[in-house]
Structure formats: structure tokens, C-alpha cells
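Observations on the three-dimensional arrangement
Residues per chain, in single letters:
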Amino acid sequence: MEKELKNICFTVTENGIQIPITTRHGRYPSLMYLLKEELQLESFGECGGVGRCATCVVQTSGITGNSAVKDRNEPATLSKLGFDEANIRLSCQIYITADLNVNDAEIKILEL
């Protein structure tokens, strides 16, 4: 019996416009890749997802589990820019999992 794939749904806000997103686990390596492809964002994710350039900064709410944890290069990169808030993240460090589907997760793309 094949495992049923469930949709992962959340909302992205870009320039004040709310955009509902529906995807599946494993379709994108990270939230950054989804945002680049689905929203055609220029100059977004310049370092290719290694967490060093901070061109993919987002504000999050409603994300739970492992997706809410900052690790690897993310804390240092955000700290250099003066971001210490738990809800400011690098989208390249957020994986597309069911953690985004809980609590009506919202992602706001920040302009730096």
C-alpha cells in the first residue's frame, strides 16, 4: 500500500498581498526554493541556501516542531544583521514539512 501524501498549506505575504501556498513534502529542498520558484523573486536566496547571505529573510508565525529551530549558520547570520527575534528566519533554513501546516503558519517576506 502506497503512503498517502498530504498537502502542506500555509500563507505567504509579499508586499502586503497574502498568497495561499499548497505544496507537498519533498517537492522543494527548503522554503527559499519554493518562494523563488512560485513567486518569481529576484535577488532572493543569493547564496543558494547555505544561510550566509540573508537575502531570504522572512518573518514567521505558527511554525512548530523542528522547522521552528534555528541551527547551522542561521543564528550567526541573523545576529550580524541585528535580528534576534525568534520569528525572524532565513527561509533557506526552513524545510517544507507538516510543521508549516499546523496552526495556520504564515510567512512574511521582509525587504532588507
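Use the structure listed above.
Just so it is clear, the model here is predicted, and its values are computed rather than measured. (Residues numbered from 1 in each chain as written. Predicted model: local features only at pLDDT ≥ 70, side-chain atom pairs only at ≥ 80, totals over all residues. Heavy atoms only, no water.)

Moving on to the sheet that holds strand β4 (residues 88-90). Strand order in this open sheet of five strands is β2-β1-β5-β3-β4, and the pairing throughout is mixed. A strand with exactly one partner marks an edge of an open sheet, and here the two such strands are β2 (17-24) and β4. Strand-to-strand twist of the sheet, defined as the mean angle between neighbouring strand axes without regard to direction, takes the value 35 degrees. Contacting β1 (7-14), β2, β3 (57-61) and β5 (106-109), helix α1 (residues 31-39) runs over the sheet at an angle of about 70 degrees to β1. (Pairing = 2+ DSSP bridges. Helix = DSSP H or I, 4+ residues; strand = E, 2+ residues; numbered from the N terminus. Axes fitted to C-alpha atoms, helices over the stretch in contact; angles between N-to-C directions. Contact = heavy atoms within 4.5 Å.)

Within the secondary structure layout, S67 lies in the loop between β3 and α2 (74-80). Discounting residues that sit within four places of it in the chain, S67 has contacts with R89, I94, Y95, T97 and D99.

Another point: the pattern of salt bridges. Under the criterion given, the structure shown has two salt bridges. Between D71 and R72 there is a salt bridge, and its shortest N-O distance comes to 3.9 Å. The residue R89 makes a salt bridge to E74 at a minimum N-O spacing of 2.6 Å. Residue R89 is located in strand β4, and its partner E74 is located in helix α2; the two are separated by 15 residues in the primary sequence. Accessibility assignment for this pair places R89 and E74 in one class, buried. (Salt bridge = Lys/Arg side-chain N within 4 Å of Asp/Glu carboxyl O. Buried < 20%, exposed > 50% of the residue type's maximum accessible area, 1.4 Å probe, protein only.)

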